[in-house]
Amino acid sequence: IILCEKGLVVDAQTLTRAALEALFHGVALINDPTVFAKIARKGDEEEGKQAYGMLQTLKDYGLTEQNIKDLEEIASRGEGKGLKLNVFDAARIANLLPLYHAFYRGLSNIASHATVRSMDSSFAVSDDSWSLVTGPTEQHLELTLRLVRTCLDLSCKALDDNFKR
């Protein structure tokens, strides 16, 4: 809401999406504590990808032998197969797939990823011209505040439902 007040609407949309992802994982953990191992495995895999990429691209930028050894160890943790959890699966386990499909995927398209729809927020179009929006804007402000409110309401309900068990 504070970001919206400052005209940083796309940033508010992106953070709302991140909050939904955390909600899906949190409620999934409540519903199924074995999810923790899958989240940890996914973290190892993602850190491994980063370490592998750094090893491939930064060797000529001053990595020490110790840096290389550390990155190799991190990369090795991400190798192999194992149970891991993606956002869709977390939402499914959390029984929040409607929120995933309606809000999370929607916010992915309009804010979090570079798509034609997300670029819409960067342009002001009139009948005879268009211009680049480079600062704070109220474009899509009402939509974003409704999304934030709906997500907060649904999140509170999901957490209340799960903690009442």
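Asker: Which residues make up the environment of Cys-156, and what are the values?
Answerer: The residue Cys-156 is located in helix H8 (residues 141-163) in this model. For Cys-156, a relative accessible area of 45% translates into the label partly exposed. In this structure, the C-alpha to C-alpha distance between Cys-156 and Leu-23, residues 133 residues apart in sequence, is 9.8 Å.

Asker: Explain the packing of helix H3 (residues 35-57) against helix H4 (residues 65-77) to me, using residue names and the numbers behind them.
Answerer: A pair of packed helices is captured by two measures, namely the crossing angle of their axes and the spacing between those axes. Between H3 and H4, whose axes approach to 7 Å, the crossing angle comes to 140 degrees. Judged on the interaxial angle alone, H4 and H3 are oblique. Once H3 is placed against H4, the crossing between them reads as left-handed. In this structure, H3 uses Arg-41, Asp-44, Glu-47, Gly-48, Ala-51, Tyr-52, Met-54 and Leu-55 to contact H4, whose residues at the interface are Ile-68, Leu-71, Glu-72, Ile-74, Ala-75 and Arg-77.

Asker: With reference to specific residues and values, describe helix H2 (residues 9-31).
Answerer: End to end, H2 covers 33 Å across 23 residues, agreeing with the expected 33 Å (1.5 Å per residue, within 8%). Along H2, the residues classified as buried are Val-9, Ala-12, Gln-13, Thr-16, Arg-17, Leu-20, Leu-23, Phe-24, His-25, Val-27 and Ala-28.

Asker: How would you sum up the nonpolar core? Please name residues and give values.
Answerer: By size, the foremost hydrophobic cluster in this structure holds 23 residues, and its most contacted members are Leu-20, Phe-24, Leu-96 and Leu-99. Broken down by secondary-structure element, the contributors of at least two residues to this core are H2, helix H5 (87-93), helix H6 (97-112) and H8. Examining the composition of this core, we find that 7 residues originate from one element, H6, more than from any other. Contacts of Leu-20, omitting those with residues within four sequence positions, involve Leu-99, Phe-103, Tyr-104, Leu-107 and Cys-151. Within the second largest apolar cluster, 5 residues are counted, among which are Ala-51, Leu-55, Ile-68 and Leu-71.

What counts and how
Residues numbered from 1 in each chain as written. Predicted model: local features only at pLDDT ≥ 70, side-chain atom pairs only at ≥ 80, totals over all residues. Heavy atoms only, no water. Helix = DSSP H or I, 4+ residues; strand = E, 2+ residues; numbered from the N terminus. Buried < 20%, exposed > 50% of the residue type's maximum accessible area, 1.4 Å probe, protein only. Axes fitted to C-alpha atoms, helices over the stretch in contact; angles between N-to-C directions. Parallel < 35°, antiparallel > 145°, perpendicular 65-115°, else oblique. Left-handed = near helix turned anticlockwise from the far one by under 90°. Contact = heavy atoms within 4.5 Å. Expected span 1.5 Å × (residues − 1). Core = buried A, V, L, I, M, F, W, Y, C linked by side-chain atoms within 4.5 Å.

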